[in-house]
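Coordinates in review
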Amino acid sequence: MSMSRIDWEHLPEHVHHAVEAHTGPVIKAETVSGGKNSRIAACVFTADQLVFVKGMPSDHLQHPAQQREAAINPYVAPRLASTILWRVQDSGWDLLGFENVSGRHADYGPSSPDLPRVLRLAGELAQVDTPPASVVRTVEQRWAAHADPGAAERWRAGRTLLHTDLASDNVLLGETRDWLIDWAWPTVGPAWVDPVVLILRLMEAGHTAAQADAACGGLPAWQGADRAEVASFSAANARLWKSITVHDPEPWKLHMARMAEQWCSYYWSGMD
């Protein structure tokens, strides 16, 4: 489930001191409301720098997601993501200090002028070198429990680095460049997986399945996709979203599950 936020001031003093060993004295900190997967997310100001700090208790169920983000950062920063400057693990807390980047969250609406920039980022990600197996899980590992028999094994041939959580609040658009943030779910697999993920998010923002499909049409990964493999993955992804809502029926997750079902219906109908 989404985590409630706490303010910087409520962290243990030992954690404050450990952070200040990297930053110098903190003058103020402003909690950030966006995002769902961090117990603390704050812009921390010192006399000469601004750092974005995110983190959670080390015993939290979602702590492995933060560990994945820390592990993948050297492979995606600074080309696509903000660089992790330091990591503090103290008094039961695990915090990451990121180079602060300035930007606004992307607008995924059907008439948004942001869409070409979002697609350009997705295209750049597909060109990143694949990290070693010790750093990221694979598509077949993450979706195998929801796949048709034999389908997940066929996805193993894909060796592209994927973000797999291309929500609009994970894209920051700046004045001179753009970023993909919140790398909690880096994965290796077929290049067309991220377009499927992005299509659901476009539908979440108001696109029809056909409009979202067309919007991603310029991505080489989408143009070269094997339709049968996309269909089998889309079905597995719809089952995954449905299973998530059984245990965690937040409204936005229920909506995503409906979008996944609608996408499957649209895509399978095109294969007849």
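What you are looking at is a predicted structure, and each value in this text was computed from that prediction instead of being measured. (Residues numbered from 1 in each chain as written. Predicted model: local features only at pLDDT ≥ 70, side-chain atom pairs only at ≥ 80, totals over all residues. Heavy atoms only, no water.)

Examining the environment of P149
Under the convention used in this document: Numbering goes from the N terminus for both helices and strands, where a helix is a DSSP run of H or I of at least four residues and a strand is a run of E of at least two.
With respect to the secondary-structure elements, P149 resides in the loop between α4 (139-143) and α5 (151-155). Separated by 96 residues in the primary sequence, P149 and V53 place their C-alpha atoms 42 Å from one another.

Considerations on the sheet that holds strand β9 (residues 171-173)
Which entries qualify depends on this criterion: Here a strand pair is declared whenever DSSP counts at least two bridges between the two strands. Here, residues are in contact when the closest pair of their heavy atoms is within 4.5 Å. Interaxial angles span 0 to 180 degrees and are taken between N-to-C directions of axes, which are lines fitted to C-alpha atoms, for helices over the stretch in contact.
Read across the sheet, three strands follow the order β6-β9-β10 without closing on themselves; strand pairing throughout is antiparallel. Lying at the two open borders of the sheet, with one neighbouring strand each, are β6 (104-105) and β10 (178-180). Bridge count for β9 against β10 is three bridges, and the pairing is antiparallel. Note on β10: the bridge partner recorded for L173 is D178. Sheet strands in contact with helix α3 (residues 115-125) are β6, β9 and β10, and its direction is about 60° off that of β10.

Some words on the pairing of strand β4 (residues 84-90)
Where β4 meets strand β5 (residues 93-99), six bridges bridge the pair, whose relative direction is antiparallel. For R87, the partnering residue across the bridge sits in β5 and is L96. Taken together, β4 and the strand that follows it, β5, pair antiparallel across an intervening segment of two residues, in which S91 is found at a positive phi of about 50°.

Some points on unusual backbone geometry
To keep it simple, the criterion reads: Burial here depends on accessible area, computed with a 1.4 Å probe over protein chains only, as a share of the maximum for the residue type. Under 20% is buried, over 50% is exposed, and the range in between is partly exposed.
Of the consecutive residues A77 and P78, the connecting peptide bond is found in the cis state with omega at 0°. Mapped onto the elements, P78 comes out in the loop between α2 (63-76) and β4. Located in the positive-phi region is S91, a residue other than glycine, with phi close to 50°. Note that S91 resides in the loop between β4 and β5. Residue class for S91 comes out partly exposed when judged on its relative accessible area of 40%. Positive phi, close to 70°, is recorded for T164, a residue that is not glycine. One can find T164 in the loop between β8 (160-162) and β9. Classification of T164 as buried rests on a relative accessible area of 10%.

Focus: α3
Quick reminder of the rule: Arc, as used here, means the arc of the directions from the helix axis to the C-beta atoms.
Residues L115, V118, L119, L121, A122 and L125 constitute the buried set of α3. Viewed end-on, α3 has its buried residues packed into an arc of 155°, placing them on one side of the element. Of the surrounding secondary structure, the elements contacted by the buried residues of α3 are β8, β9, β10, α6 (193-204) and α7 (209-215).

Focus on the packing of aromatic side chains
Selection rule: For Phe, Tyr and Trp, where Trp contributes only its six-membered ring, two rings pair if their centres lie within 6.5 Å, and the inter-plane angle classes them as stacked under 30 degrees, edge-to-face over 60, or tilted in between.
Scanning the model with the defined rule gives nine aromatic pairs in all. Judged by centre distance (5.4 Å) and plane angle (75°), the rings of W155 and F233 are edge-to-face. One end of the pair, W155, is in helix α5; the other, F233, is in helix α9 (residues 227-247), and 78 residues separate them in sequence. Overall, F233 belongs to the buried group, its relative accessible area being 0%.

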